[in-house]
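Okay, here's what each chain looks like letter by letter:
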Amino acid sequence: GLLRAGKAFGYLAYVDGRPAGWVNASRRGDTALFRRDDEVDDQTVAVACFAIAPPYRSHGLAQRLLERVIADAPARGLDAVEAYPPTGDVPGGRNFRGSRKMYDTAGFTEVKVRSRDTVMRRPAGEAGE
């Protein structure tokens, strides 16, 4: 329903023509969990979750999806990308938000550490811009 209403946005990754991964890259204002009702809600992508099929985990697929989210954000009229990796360790395969290391590598900076997660942010666009 959210996709049909234009309130959800994401990317599917395919390997050999088969779906292998998904990232939810909706506007922060359209993501109830992360919405803050401020002036940047409609200008910020909220990377809410990844779903990577088991055979494709630990092969960099989530990183490639994240790179696409960052690169495409300006064309979607968005200025920044936020992510919410969990604070502390999460057993492999259960961290659907992505690792802190992945976001550090992608040029995100820490905005706020909360009890369950860390808000990380970076400008939209290609790495190095």
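The structure presented is a predicted model; accordingly, all values stated were derived computationally and were not measured.

Enquirer: Pulling in residues and values, what's your account of the side chain of Asp117?
Expert: Mapping Asp117 onto the fold places it in the loop between β5 (109-113) and β6 (118-123). For Asp117, the side chain forms a polar contact with the side chain of Arg114, separated by 2.7 Å. Asp117 has contacts with Phe34, Tyr84, Pro85, Pro86, Thr87, Arg97 and Lys112, leaving out every residue within four places of it along the chain.

Enquirer: Can you tell me about the sheet that holds β5, naming the residues and giving the values?
Expert: A sheet is described by the order of its strands in space; here 6 strands give the open sequence β1-β2-β3-β4-β6-β5, paired in mixed fashion. Of all the strands in the sheet, the pair left with one neighbour each is β1 (10-15) and β5. Neighbour-to-neighbour, the strand axes of this sheet turn through a mean angle of 25°, independent of strand direction. By the bridge criterion, 7 bridges tie strand β2 (residues 18-27) to strand β3 (residues 44-52) in an arrangement that is antiparallel. Paired with Ser26 across the strands is Ala46, a residue of β3. Against the sheet, helix α1 (residues 61-72) engages β1, β2, β3, β4 (80-83) and β6, with an angle of about 160° to β3.

Enquirer: Account for the nonpolar core, with residues named and values stated.
Expert: Formed by 25 residues in total, the largest nonpolar core has its most connected members in Val47, Phe50, Leu66, Tyr103 and Phe108. Sorting the residues of this core by element identifies β1, β2, β3, α1, β4 and α2 (100-105) as the ones contributing at least two each. Ranked by the residues each element gives to this core, the list is headed by α1, at 6 residues. Setting aside residues no more than four positions away along its own chain, Tyr103 makes contact with Val47, Phe50, Leu66, Ala83, Pro85, Arg97, Gly98, Phe108 and Met120. Counting 5 residues, the second-largest nonpolar core is a separate cluster that includes Phe34, Ala46, Ala48 and Val119.

Enquirer: Can you break down the packing of aromatic side chains residue by residue, with the values?
Expert: Tallying each qualifying case throughout the model produces 2 aromatic pairs. Taking 5.4 Å as the distance between ring centres and 80° as the angle between the ring planes, the aromatic pair formed by Phe9 and Tyr11 counts as edge-to-face. What makes Phe9 partly exposed here is its relative accessible area of 30%. For Tyr11, a relative accessible area of 14% corresponds to the buried category.

Enquirer: Give me the pairing of β2: which residues, what numbers.
Expert: As paired strands, β1 and β2 are joined by 6 bridges and run antiparallel to one another. Directly across from Tyr11, in β2, lies its bridge partner Val23. In sequence, β1 turns back onto β2 through a hairpin of 2 residues, with Asp16 there showing a positive phi of about 50°.

Enquirer: How would you summarise the environment of Val111 if you had to cite specific residues and measurements?
Expert: Positionally, Val111 belongs in strand β5. In this structure the C-alpha to C-alpha distance between Val111 and Glu82, which are 29 residues apart in sequence, comes to 9.3 Å. In this view, Val111 contacts Val119, Met120 and Arg121; residues no more than four positions away in its chain are not counted.

The rules we used
- Residues numbered from 1 in each chain as written.
- Predicted model: local features only at pLDDT ≥ 70, side-chain atom pairs only at ≥ 80, totals over all residues.
- Heavy atoms only, no water.
- Helix = DSSP H or I, 4+ residues; strand = E, 2+ residues; numbered from the N terminus.
- Polar contact = N/O pair within 3.5 Å; in protein donor to acceptor, adjacent residues only side chain to side chain.
- Contact = heavy atoms within 4.5 Å.
- Pairing = 2+ DSSP bridges.
- Axes fitted to C-alpha atoms, helices over the stretch in contact; angles between N-to-C directions.
- Core = buried A, V, L, I, M, F, W, Y, C linked by side-chain atoms within 4.5 Å.
- Buried < 20%, exposed > 50% of the residue type's maximum accessible area, 1.4 Å probe, protein only.
- Phe/Tyr/Trp six-rings, centres within 6.5 Å; stacked < 30°, edge-to-face > 60°.

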